Amino acid sequence: MTVRIGMIGPGGMGRAHIERIRTVIASGEVVAVSDIDPGNAQRVAEGIGAKVFASSAELIASDAVDAVMICSYGPAHRDDVLAAIRAGKPVFCEKPLAPTASECLEILQAEQEAGRRLVTVGFMRRFDPSYRQLKAIVDSGEIGEPLIMHSRHRNPTVPERYTWDMAINDTGIHDIDTMRWLLGEEIASVRVDKPKRTRHRFPHLQDPLVLILSSASGVWIDVEIFVNNQHAYDIQCEVVSESGTVRLSDQQLVERTGAIGRSHLLTMDHNERFGAAFVTEVQEWISAVARGEHTGSTSWDGYAAACVCDAAVRALTDDGPIAVDLIEQPAFYS
Ligand code: NAI
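The model shown is predicted, which means the values in this text are computed figures rather than measured ones.

Caption draft 1: The arrangement of the overall build of the protein in detail. A count of helices and strands for the protein gives ten helices and 15 strands. Seen through its C-alpha atoms, the protein measures out along the principal axes to roughly 55 × 55 × 45 Å. Residues counted as buried form 53% of the 334 residues belonging to the protein. Here the contacts in the protein between residues at least 6 apart in sequence split such that 72% fall between residues at least 24 apart. For the protein, the computed accessible surface area is about 15100 Å², with 50% contributed by carbon and sulfur atoms.

What follows is the structure, encoded as C-alpha cells:
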C-alpha cells in the first residue's frame, strides 16, 4: 500500500521530508500540499505533481489524503492536529506539538475521545543510531542507574528574529524530550542559569543558557543551549551511572590527517547531523500508518516536553527551581 500524504507548511523541514519521501523512503507519496503562502504551496506541488489545497482544513478533509504531515510553524500546529484527529487520520507533527502545555492537553483529550493513537511528534533523536545505542546501554542496566546527565545543543548561528524563549521552546525541547526518553521518567523541576553572554549575540538574546533539570527519581541534568557558537552544530550527551558512563562519541565519519595534525569535519546543521535519523523516523511512521499502527513519540511526549518548556520559560525570569506541572499520565498513553 502507498500511503497518500498531505503536507501542510512545506518550508525548510517540510521540503526536506518531501525529498526524503520522494527519493529514499518506501510506501509513501506526498499527493497534496497546502501553505499559508499559496505561492510556496504552488511551487512545491508543481515540483512533485501534487495537488494544491487552499487551506489545511480542506487538505485534511480530502478523500485523496490518507495521512497528514504538519511542518508549519508551532503556533499553527494545534488546529491542524485537532482537525486530523477529528477526521480519523494519522498525523505526523513536527515539534513542538503545540507551543504551550494547555494546547497540548486539548490534543490529548481529542485523541483519547477518538479512541486510538493518531499523533506522532517529530522528536527525531529517538531514531538516531548513536542515541539508540546509548539508550540500549542505559536500559541494559550494565552500568547501573543513571545519576547525572549532560546534554549540549550548540548551533553556529541563529537569525535576529530568534528570541530567548525559542532557545527553550524550539531548541532545548529536543534535549528535554531526549532526557525523558533516555531515563523513561518525567522531569520534575527546572532552573535556568545564565552564564556570561557571548559577544556574538543579538542584544535581546541571553546566549548561552543552561537548564538544570531534576528528574522524578532525582537524576541531575544540565542542558547547555548555545545557539551562536560560530563554528558548528555540535550535539553531545553523556550519562553518568553508578558503575560507568556512556556518551555519544564524535559523530563524524571521516578523520583527516595532514601537516597540521589530525582533525574531524564538523556538521553544520540538523539535516547533516540527523539525516539518517530523519529518514528512519519518517520511514517508520509511514510503515506504521500502512499497517494501521502507531509509532514514534506520542501526544503525551509532546505534552510532557511542553510542560517542561513552560516551566523553563517561567524560570527565565523567576528564581528557580520551578516545579513541572503535569497531569497524571492517562492509561491510554502508558
Ligand atoms: P519554515 O519557516 O522554513 O517553514 C514553515 C512553513 O510553514 C512555511 O512555508 C510557512 O509559509 C508555512 N506556514 C506558516 N504558518 C502556516 C499555517 N498557519 N498554515 C500553513 N502553513 C503555514 O520553518 P521550518 O524550519 O521548516 O520549521 C517548521 C517546523 O519544523 C517547526 O515546527 C519547527 O520547530 C520544526 N523543525 C524541526 C526540526 C527538527 O530538528 N526536528 C528542525 C527545524 C525545524
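Caption draft 2: Up close: empty space enclosed by the protein. Using the criterion set out here, one finds one cavity of 30 Å³ or more in the structure. Approximately 40 Å³ is the volume attributed to the largest cavity. If you trace the largest cavity, you find it lined by P96, A98, P99, N169, I173, A306 and C309. When residues of the lining of the largest cavity are traced back to their parent elements, those giving at least two are helix 7 (164–183) and helix 10 (299–317). Across the lining of the largest cavity, the residue classes tally to six nonpolar, one polar and no charged. Two domains each donate at least three residues to the lining of the largest cavity, and these are domain 1 (3–124 + 276–297) and domain 2 (126–268 + 305–333).

Caption draft 3: Structural context of helix 6 (residues 129–140). For helix 6, spanning twelve residues, the distance from its first C-alpha to its last is 16 Å, which sits close to the expected 16 Å at 1.5 Å a residue. Burial in helix 6 covers these residues: Y131, L134, K135 and V138. Buried residues of helix 6, viewed axially, fall in a sector of 100°; they line one side. On the buried face of helix 6, the contacting elements are strand 7 (146–154), helix 7, strand 11 (234–241), strand 12 (244–247) and helix 8 (270–273). Positive phi shows up at G141, right after helix 6, with a value of about 80°.

Caption draft 4: Layout of the domain arrangement of the protein. Domain boundaries in the protein define domain 1 (3–124 + 276–297) and domain 2 (126–268 + 305–333). A C-alpha centroid distance of 26 Å is found between domain 1 and domain 2. With 23 residues of domain 1 at the interface, the matching set in domain 2 holds 17 residues. Interface area, domain 1 with domain 2, both sides summed: about 1800 Å², of which 65% is carbon and sulfur. Looking only at domain 1, the three residues that lose the most surface to domain 2 are K95, F123 and M124, adding up to 31% of its buried area. Inspection of the domain 1/domain 2 interface yields one salt bridge. Residue E284 pairs with R132 through a salt bridge whose shortest N-O separation is 3.4 Å. At the junction of domain 1 with domain 2, the criterion picks out nine residue pairs in polar contact (both at pLDDT 80 or more). When contributions to the side of domain 1 that touches domain 2 are tallied by element, the ones reaching two or more residues are helix 5 (101–114) and helix 9 (275–291).

So, how was this worked out
Residues numbered from 1 in each chain as written. Predicted model: local features only at pLDDT ≥ 70, side-chain atom pairs only at ≥ 80, totals over all residues. Heavy atoms only, no water. Helix = DSSP H or I, 4+ residues; strand = E, 2+ residues; numbered from the N terminus. Buried < 20%, exposed > 50% of the residue type's maximum accessible area, 1.4 Å probe, protein only. Contact = heavy atoms within 4.5 Å. Areas by Shrake-Rupley, 256 points an atom, 1.4 Å probe, with all protein chains shown as cover. 1 Å grid on protein atoms, 1.4 Å probe; cavity = no way out; pocket = protein on both sides within 12 Å on 5 of 7 lines; lining within 4 Å. Points joined across faces, edges and corners; volume = space filled by probe spheres on them. Nonpolar A, V, L, I, M, F, W, Y, C, P; charged D, E, K, R; others polar. Domains from an automatic or database assignment. Expected span 1.5 Å × (residues − 1). Arc of directions from axis to C-beta. Buried area = accessible area lost by both parts, 1.4 Å probe. Salt bridge = Lys/Arg side-chain N within 4 Å of Asp/Glu carboxyl O. Polar contact = N/O pair within 3.5 Å; in protein donor to acceptor, adjacent residues only side chain to side chain.

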